[in-house]
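Listed below, chain by chain, are the residues.
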Amino acid sequence: MSLKANIVVLTGAGISAESGLKTFRDNNGLWEQHRVEEVATPEAFAANPALVYRFYNARRAQLKQDDIKPNAAHLALAALEKACLGDFLLVTQNVDNLHQRAGSEQLIAMHGQLNQARCLKSHKTVVISGDLDSTTLCQCCQPPSAMRPDIVWFGEIPKQMNKIESALRRADLFIAIGTSGQVYPAAGFAQLAAHSGAKTVELNMEKSGLAFDAGHYGPASNVVPEYIRSLIGDGYRV
């Protein structure tokens with residue numbers, strides 16, 4: 001069954017955790033035993049680029065492990081996109097490629113992607129699969145420039161915010177999945193969508209504390225397919 005509505009979906013770390021991906025930040029606030037200031041700021045990259053390259057090379061390598069695959073929640077969102085007859089946009093805070101591997105196409109990775117590198121001079125991005133270091137040079141500049149991980153670090157502006165905000169203002173339905181919703185600008189997405197008249201729904205392990213019109217709680221691989229099945233009918237399977 002198709003669904004005629006404008007839909008915006010926001011996903012966070014909770015949807016990828018069930019695919020076996022370790023989240024960067026653990027309970028004590030460290031990123032894989034590193035302080036945020038050591039690996040996730042422009043200043044960190046300027047001070048110790050070798051450490052920053054190694055950190056993201058390790059994260060990228062994890063994506064290649066045989067057991068890291070899209071789960072039922074990723075697949076359900078790809079099915080929802082195909083069934084949507086209105087505008088559809090999936091905004092992810094995650095930097096992995098699991099949504100793309102599941103078949104999602106109308107997608108903005110607002111915090112960048114592990115499998116991309118960005119030219120320090122032109123800011124153009126390219127897909128990469130192997131390690132990145134100071135000897136990796138771009139092909140867009142003369143002379144070639146060094147490259148950095150295409151990750152939005154603390155203190156930097158998330159990608160395509162104008163397009164995201166425009167979609168939120170047109171949305172009939174906003175769905176937040178696997179995210180605490182506590183970090184701006186994503187924390188304001190539900191409020192902006194609601195202000196524009198959208199129904200807001202939270203699919204999460206537990207309530208985030210933000211105001212939603214409805215909520216369904218439990219593992220993403222359970223609640224997301226179940227909720228999407230309620231939208232597009234019993235013929236939907238993952």
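Computed from a prediction, not measured in an experiment: that's the story for all the values here.

Chemist: Go over the side chain of Thr11 with me, naming the residues and quoting the values.
Modeler: Relative to the helices and strands, Thr11 resides in strand β1 (residues 7-11). Polar side-chain contacts of Thr11 include one of 2.9 Å to the side chain of His99. Look past the residues within four positions of Thr11 in its chain and what remains in contact with it is Leu77, Leu90, Val91, Thr92, Gln93, Asn94, His99 and Ile177.

Chemist: Could you give an account of the packing of aromatic side chains, with specific residues and numbers?
Modeler: Counted according to the given criterion, the structure contains four aromatic pairs. Ring geometry for Phe45 versus Tyr53: centroids 5.4 Å apart, planes at 85 degrees, classification edge-to-face. Summarising the burial analysis for this pair, Phe45 and Tyr53 share the class buried. Residues Phe45 and Trp153 carry aromatic rings whose centres are separated by 5.5 Å and whose planes lie at 40 degrees to one another, so their mutual orientation is tilted. Of this pair, Phe45 sits in helix α3 (residues 42-47) while Trp153 sits in the loop between β6 (147-151) and α7 (161-170), and the two are 108 residues apart along the sequence. Comparing Phe45 with Trp153 shows no difference in burial state: the two are buried. It is Arg59 that lies over the ring of Phe55; its NZ or CZ is 4.8 Å from the centre.

Chemist: Hey, could you go over the pattern of salt bridges for me, with residue numbers and the actual values?
Modeler: What the rule picks out here adds up to four salt bridges. In this structure, Glu156 engages Arg148 in a salt bridge whose closest nitrogen and oxygen atoms are separated by 2.9 Å. Classification of Arg148 by relative accessible area gives buried; the value is 8%. Residues joined in a network through salt bridges with shared partners are Arg118, Asp150 and Lys159.

Chemist: Which residues make up the sheet that holds strand β9 (residues 214-217), and what values go with them?
Modeler: Strand order in this open sheet of six strands is β3-β2-β1-β7-β8-β9, and the pairing throughout is parallel. Here the strands that pair on one side only, and so sit at the sheet edges, are β3 (107-109) and β9. Averaged over all adjacent pairs, the angle separating strand axes in this sheet is 15 degrees, with direction ignored. As paired strands, strand β7 (residues 173-177) and strand β8 (residues 199-204) are joined by five bridges and run parallel to one another.

Chemist: With reference to specific residues and values, describe unusual backbone geometry.
Modeler: Peptide bonds are, in most cases, trans, and in most cases residues other than glycine have a negative phi. The omega torsion across Gln142 and Pro143 is 0 degrees, close enough to zero to call that bond cis. Checked against the element boundaries, Pro143 lands in the loop between β5 (125-127) and β6. A positive phi is found at His123, a non-glycine position, where the angle reads about 70 degrees. With respect to the secondary-structure elements, His123 resides in the loop between β4 (112-119) and β5. Among the residues examined, His123 registers a relative accessible area of 54% and is labelled exposed. Not every positive phi belongs to a glycine, and Gln160 is a case in point at roughly 55 degrees. Along the chain, Gln160 turns up in the loop between β6 and α7. What makes Gln160 partly exposed here is its relative accessible area of 45%.

Chemist: Describe in detail the pairing of β7, supporting the description with residues and values.
Modeler: The side chains of a regular strand alternate between both faces of the sheet. The buried count for β7 comes to five of five residues, which makes it a mostly enclosed element. Covered by surrounding structure in β7 are Leu173, Ile175 and Ile177 together with Phe174 and Ala176, the residues of both alternating faces. Pairing between β1 and β7: five bridges, direction parallel. Its bridge partner lying in β7, Thr11 is registered against Ile177.

Criteria and cut-off values
- Residues numbered from 1 in each chain as written.
- Predicted model: local features only at pLDDT ≥ 70, side-chain atom pairs only at ≥ 80, totals over all residues.
- Heavy atoms only, no water.
- Helix = DSSP H or I, 4+ residues; strand = E, 2+ residues; numbered from the N terminus.
- Polar contact = N/O pair within 3.5 Å; in protein donor to acceptor, adjacent residues only side chain to side chain.
- Contact = heavy atoms within 4.5 Å.
- Phe/Tyr/Trp six-rings, centres within 6.5 Å; stacked < 30°, edge-to-face > 60°.
- Buried < 20%, exposed > 50% of the residue type's maximum accessible area, 1.4 Å probe, protein only.
- Lys NZ or Arg CZ within 6 Å of the ring centre and 35° of its normal.
- Salt bridge = Lys/Arg side-chain N within 4 Å of Asp/Glu carboxyl O.
- Pairing = 2+ DSSP bridges.
- Axes fitted to C-alpha atoms, helices over the stretch in contact; angles between N-to-C directions.

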